[in-house]
Amino acid sequence: MSAPSVLVPPAPAPTAPVPDLPDTSRLDNAVWAALDGPHAHLAERAGRAARYPADVYDFAALADPAAWDDLHTLVGPGTTVRLKPADDVPDGWQVMGRGTAVQLVGTALRTEPAPDAVRLGPADVPEILDLVARTRPGPYLGRTVELGTYLGIRHRGRLVALAGERIRVPGWTEISAVCTDPGHRGRGLGTRLVRAVADGIRERGDRPFLHAAADNTPAIRLYEAIGFTVRRRATLLQVRSPGTPPEGRTP
């Protein structure tokens, strides 16, 4: 859902705030809020920098703009890592890729279970990775399934649609990996799974949010049509750390 893109269209029109939403401030730096909160058990951390294990989710986060040395200590010299949000890069860090994501929050989303959906687990990972490779919804790795509930729909035993939970922030859970096999599109499978995943999120008292590439206009329009509201845009960076350790530190 958050694949980098180089050419970014104009920002969607700002949307008026919705009064009944819980605090959204943690969503400004959602990866950090997750690694410092509900996903702390997964965090690899050095000071004010943290990241997910490389086979879970390929993003790191800074608690504040002064934490780049901590990130360097965490990832080591000459290492490529992805960050969101991120704008300014200190001297010595090399930008390898840049993109923009749109963050949307569930404001009027109708949620309901999907009776034909099945809960997916580690045994289903090969099928999940095959579907992801064919549909490219965004990063999905061997242990991403550990981040939360993933639901799928099968046709004649074959996995043809997927959606699940990724970043968890206090009060909020991200819906991610929404994808449908090209041969089964147009049947509303993705929407049904989004509603079903969101139903589970709301049952535990959280609100759903998600990200889409800023140039993925069809997806953004669909999410808006089913009850999501654009909240903000964020820069995604793929950066390479300097080739030597931070001054005064050892690898």
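Keep in mind that this is a model prediction, so the values were computed, not measured.

Chemist: Sorry, what's going on with the environment of V75 here?
Modeler: With respect to the helices, strands and loops of the structure, V75 is situated in helix α2 (residues 68-75). Residue classification places V75 among the buried positions, given a relative accessible area of 10%. It is 7.8 Å that separates the C-alpha atoms of V75 and S241, two residues lying 166 residues apart in sequence. Residue contacts for V75: discarding those within four places in its chain leaves R51 and S241.

Chemist: When you look at the environment of W172 in this model, what are you seeing that I'm missing?
Modeler: Considering the arrangement of structural elements, one finds W172 in strand β9 (residues 172-180). Taking the C-alpha atoms as reference, W172 lies 4.7 Å from R207; in sequence the two are 35 residues apart. Within polar-contact distance, the side chain of W172 engages the backbone oxygen of D23 at 2.9 Å.

Chemist: Is there a simple way to think about the nonpolar core in this case?
Modeler: One recurring pattern in soluble globular proteins is that nonpolar side chains are buried together. L104, I153, I175, L193, Y223 and F228 are the most contacted members of the largest nonpolar core, which has 28 residues in total. Residue assignment for this core shows that the elements contributing at least two residues are β5 (94-106), β7 (150-155), β8 (158-169), β9, α4 (189-203), β10 (207-213), α5 (217-225) and β11 (228-240). Counting residues per element, this core draws most heavily on α4, which supplies 7 residues. Ignoring any residue separated from it by four or fewer positions in sequence, one finds I175 in contact with G164, V194, V197, A198, I201, P208, F209, L210 and F228.

Chemist: Help me out: how do you make sense of the pairing of β5 in this one?
Modeler: When a strand is regular, its side chains alternate between the sheet's two faces. Pairing geometry for β5 and β11, over 12 bridges, is antiparallel. Bridge pairing in β11 places L104 opposite V230. Where β5 lies against β10, 5 bridges are found, and the strand directions are antiparallel. Along β10, the bridge assignment pairs A101 with A213.

Each value, and the rule that gives it
- Every residue gets a number counted from 1 within its own chain, in the order that chain's sequence is written.
- pLDDT decides what is reported in this predicted model: residues at 70 or higher carry local features, side-chain atom pairs at 80 or more are listed and counted, and totals for whole chains, interfaces and linings draw on all residues regardless.
- Only hydrogens and water are removed before side-chain values are computed, so all heavy atoms of the structure are retained for them.
- Put simply, DSSP H or I for four residues or longer makes a helix, DSSP E for two residues or longer makes a strand, and each gets a number counted from the N terminus.
- Only protein chains enter the accessibility calculation, which uses a 1.4 Å probe; a residue whose area is less than 20% of its type maximum is buried, one above 50% is exposed, and one in between is partly exposed.
- Any pair of residues with heavy atoms lying within 4.5 Å of one another is described as a contacting pair.
- Under this definition, polar contacts are N or O atom pairs within 3.5 Å; protein pairs additionally need one hydrogen-donor-capable and one acceptor-capable atom, and for neighbouring residues in sequence, both atoms have to be side-chain atoms.
- We define the nonpolar core as a collection of buried residues of types Ala, Val, Leu, Ile, Met, Phe, Trp, Tyr and Cys that are connected through side-chain atoms lying within 4.5 Å of one another.
- DSSP calls a pair of strands paired once it identifies at least 2 bridges connecting them.

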